[in-house]
Amino acid sequence: MKKLEPTARQLKSERDRLSSLGLPSLGFCDRDLRTAAALTWRINALKKLKRAVIPGHVYQRPEILLGVADFVGDSYKLAKLCAQTQAKTIVFGGVRFMAETAKILNPEKTVLLPASGAGCSLSESITAADVRALKARHPGAPVATYINTSAEVKAASDVIVTSANAEKILKRLFAKHPQVIFIPDELMGKNLAQSLGKSLETELIIWRGTCIVHDKFDPFAIALYRKRYPGVKILAHAECSPSLVALVDFVGGTGGMMEYVEKTEAPYYMLVTECGLGELARVRFPDKKFVFMCRLCPYMKLVDLPSILRVLEKPEPSDAIEVPADVAAKAKGALQRMFELAEDTAPL
Ligand code: SF4
C-alpha cells in the first residue's frame, strides 16, 4: 500500500487540533505535538480508508484517547459500543481480554491488538479448568466472572460482570442462590462481600487473582493526603484493597469515578487508579484540581501510536484476535446475560 504522507499544512492543522484537545495541559511540548501529529494524521486517514474503528480504554495513553480513538470508556461501555459498530475492522486500544471481548461480540469482523504482550495479571491468574474445578466444588453456585478474563474463562462462566455492575448483578444472583462464585479478583471479591454483607468462603466464593496496579496502593497515604489537601474527595477503583476502600469517599469503576467528579464540587479530587484516568479527567474537567496517587499499567501502556499505525498499515497474522467458534458462542451467552442483568431486561 502507498504510504500516506500529510502535507506541511495538513501536519500543522493536525498539530493544532491535538493542541486544542488539551494535550499541552498534560505536558506535551511543541516537539511532542509534532511527533504525535505525524502519527495521528496517518492513523486517522488509514482508519477511513480501511473502515476501521479504534475503541480506547480510559487507561490508554492520552495521545491515543484524544488523537485517534473513536470511542473512549470503561470495559462495559467499550463492550457495548463494540457490539454496535458497523466498522469492518476494530483496532483495540486496550489489552487482550478486551480485544477478545470485541471479537466474541463481532465474530465476522477483524479485531487487531497492536501489542501482542498487552495482557492483564487478573486475566492470567485463572484458567477455564480452574473454573470447572470451582464449579465441581460448589455445585449449583453460579459463576459471576469479572470481564478481565480470557475468552475460555468467560465461556466456562454463567455471567460476566464489570466493576460498574458487579454489585448489582451479584445482588440479583444472591436473590436466588445461597452461594455465588466470583472470580478472579480477590480484592474486589472482598469489597463485594463487605458491601453485600456476605461471608467469604461460605456465601461468596472468591479466587486469588490481583491487579498488579491496584493491589499496590498504600492505605496509610490516604490520611496524609487528606491533611495536605483539606476537603479532597478521594475516589478508589474497586480493585483496590478493602483497607484502602474503607477510607475513601467513593469506590467503583472508572466510569463511575468520572461521573462522581462531574457531578460534585470539591477543592481537590484524588483518583486512586491507573494514571490514564487522571489524565483524562484533567482534560475533561479543566476547572477542577486533581491530586495524584496513581500507577501505570505496564500492559496498557504497551499500545502506542506507532504500534496502532503498524497494525493499520501492515497487520501480521499474529495481530489478529481469534476465538474458536464454540468458545465464542458460550462466552457471548455469558456477556449477553451481563447486558440483560445490568440493564434489568431479564428475569433471573
Ligand atoms: S490495570 Fe490491572 S486489571 Fe487493568 S489491565 Fe492492567 S493489570 Fe489488568
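Note on numbering: residues in each chain are counted from 1, in written sequence order. At least 70 in pLDDT is required for a residue's local features to be given in this predicted model, at least 80 for side-chain atom pairs to be given and counted, and no such filter applies to totals for whole chains, interfaces and linings, which use all residues. Side-chain figures throughout are based on the complete set of non-hydrogen atoms in the structure, without hydrogens or water.

## Here we look at the packing of helix α4 (residues 75-84) against helix α5 (residues 96-105)
The condition is simple: Orientation is described by lines fitted to C-alpha atoms, with helices fitted over the stretch in contact, and by angles between N-to-C directions that extend from 0 to 180 degrees. Numbering of helices and strands starts at the N terminus; helices are DSSP runs of H or I of at least 4 residues and strands are runs of E of at least 2. Comment on the angle field: the value is read as roughly parallel under 35 degrees, roughly antiparallel over 145, roughly perpendicular from 65 to 115, and oblique elsewhere. Handedness of a helix crossing follows the sense of rotation of the near helix relative to the far helix, less than a right angle counterclockwise being left-handed and clockwise being right-handed. Here a residue-residue contact requires only that any non-hydrogen atoms of the pair lie within 4.5 Å. Residue polarity follows a fixed list, in which Ala, Val, Leu, Ile, Met, Phe, Trp, Tyr, Cys and Pro are nonpolar, Asp, Glu, Lys and Arg are charged, and the others, Gly among them, are polar.
Their axes nearest at 9 Å, the elements α4 and α5 cross at an angle of 30°. Here α5 runs roughly parallel to α4, going by the angle between their axes. Note that α4 runs across α5; the crossing there is right-handed. Where α4 abuts α5, its residues S75, A79, C82 and A83 lie against F97, M98, T101, A102 and L105. Looking at the contact of α4 with α5 residue by residue, the classes come out as seven nonpolar, two polar and no charged.

## Here we look at the nonpolar core
Keep this limit in mind: To define a nonpolar core, start from buried Ala, Val, Leu, Ile, Met, Phe, Trp, Tyr and Cys residues and group those joined through side-chain atoms within 4.5 Å. Partly exposed describes any residue whose relative accessible area lies between the buried limit of under 20% and the exposed limit of over 50%, with all areas from a 1.4 Å probe on protein chains only and scaled to the type maximum.
With 102 residues, the main nonpolar core has L170, F182, L204, I308 and M338 as its most contacted residues. Not counting residues within four places of it along the chain, the set of residues in contact with L204 comprises L170, F174, V180, F182, G189, L192, A193 and S199. Core analysis: the next-biggest nonpolar cluster, separate from the first, contains 15 residues, I222, A236, V245 and M293 among them.

## Description of the pattern of salt bridges
Close approach of charged atoms allows side chains with opposite charge to pair. Under the convention used in this document: Salt bridges, as used here, are contacts in which a Lys or Arg side-chain nitrogen is within 4 Å of a carboxyl oxygen on Asp or Glu.
One pass over the structure, following the stated rule, counts 19 salt bridges. For D70, the salt bridge is made with K47, and the minimal N-O distance between the two is 3.2 Å. Here the residue D70 occupies a position in the loop between α3 (62-67) and β3 (71-73), and K47 occupies one in helix α2 (residues 30-50), the gap between them amounting to 23 residues. When its relative accessible area of 38% is taken as the criterion, D70 is described as partly exposed.

## Re the site of the ligand
Operational definition: Each residue is tested against the molecule or strand, and it is near if at least one of its non-hydrogen atoms lies within 4 Å.
Close contacts around the ligand come from Y59, C120, S121, L122, N148, C211, V213, E239, C297 and Y299, and that covers them all. In terms of residue class, the shell around the ligand is made up of seven nonpolar, two polar and one charged.

## Notes on the domain arrangement of the chain
Selection criterion: Note that the domain bounds were set by an automatic or database domain assignment. Summed over both partners, buried area is the accessible surface (1.4 Å probe) that two parts give up on being assembled.
Taken domain by domain, the chain comprises domain 1 (8-119 + 300-315), domain 2 (123-211 + 325-342) and domain 3 (214-292). With 13 residues of domain 1 in contact, the opposing surface of domain 3 contributes 13 residues. The junction of domain 1 with domain 3 conceals about 1000 Å² of combined surface from both sides, 62% of it contributed by carbon and sulfur atoms. By the criterion of area lost to domain 3, the three top residues of domain 1 are L26, V58 and Y59, representing 49% of everything that side buries. In this structure, the connection of domain 1 to domain 3 is made through one salt bridge. Note that K301 is salt-bridged to E274, the shortest N-O span being 3.0 Å.

## A word on the packing of aromatic side chains
Threshold: Classification of ring pairs rests on two measures: the distance between centres of Phe, Tyr or Trp rings, Trp counted by its six-membered ring, which must be within 6.5 Å, and the angle between planes, read as stacked under 30 degrees, edge-to-face over 60 and tilted in between. Two thresholds decide whether a charge sits over a ring: the Lys NZ or Arg CZ must be within 6 Å of the ring centre and within 35 degrees of the ring normal.
Scanning the entire structure with this criterion turns up five aromatic pairs. Ring centres of Y76 and F339 lie 5.8 Å apart, and the angle between their planes is 55°; on these two criteria the pair is classed as tilted. Of the two residues, Y76 is situated in helix α4 and F339 in helix α15 (residues 325-342); the sequence distance between them amounts to 263 residues. Considered together, Y76 and F339 belong to a single accessibility category, that of buried residues. With a centroid separation of 5.2 Å and 40° between ring planes, the pair formed by F250 and Y260 is classed as tilted. Residue F250 is located in strand β11 (residues 250-252), and its partner Y260 is located in helix α12 (residues 254-263); the two are separated by 10 residues in the primary sequence. Ring-pair connections join several aromatic residues into one group, and the members of that group are Y225, Y229 and Y268. Over the ring of F174 we find K198; its NZ or CZ atom is 4.6 Å from the centre of that ring.

## Regarding the sheet that holds strand β4 (residues 89-91)
Rules: By this definition, two strands are paired if DSSP reports at least two bridges between them.
Pairing is parallel across the open sheet formed by three strands, whose spatial order is β1-β4-β5. With one partner strand each, in any of the chains shown, β1 (52-53) and β5 (110-112) form the two edges of the open sheet. Looking at chain direction, β4 and β5 are connected through three bridges and run parallel. In the strand pairing of β5, I90 is matched with V111.

## A closer look at the state of the cysteines
Where we set the bar: In plain terms, two cysteine sulfur atoms within 2.5 Å form what is called a disulfide here.
For the structure on display, the rule yields one disulfide. One disulfide bridge connects C275 with C294, the sulfur atoms lying 2.2 Å from each other. Judged by the torsion about the S-S bond (95°), the C275/C294 disulfide is right-handed. Of the two residues, C275 sits in helix α13 (residues 275-284) while C294 sits in the loop between β13 (290-292) and α14 (305-313), which places them 19 residues apart along the sequence. On the accessibility criterion, C275 (10% relative accessible area) is buried. C294 sits in the partly exposed class, given a relative accessible area of 28%.

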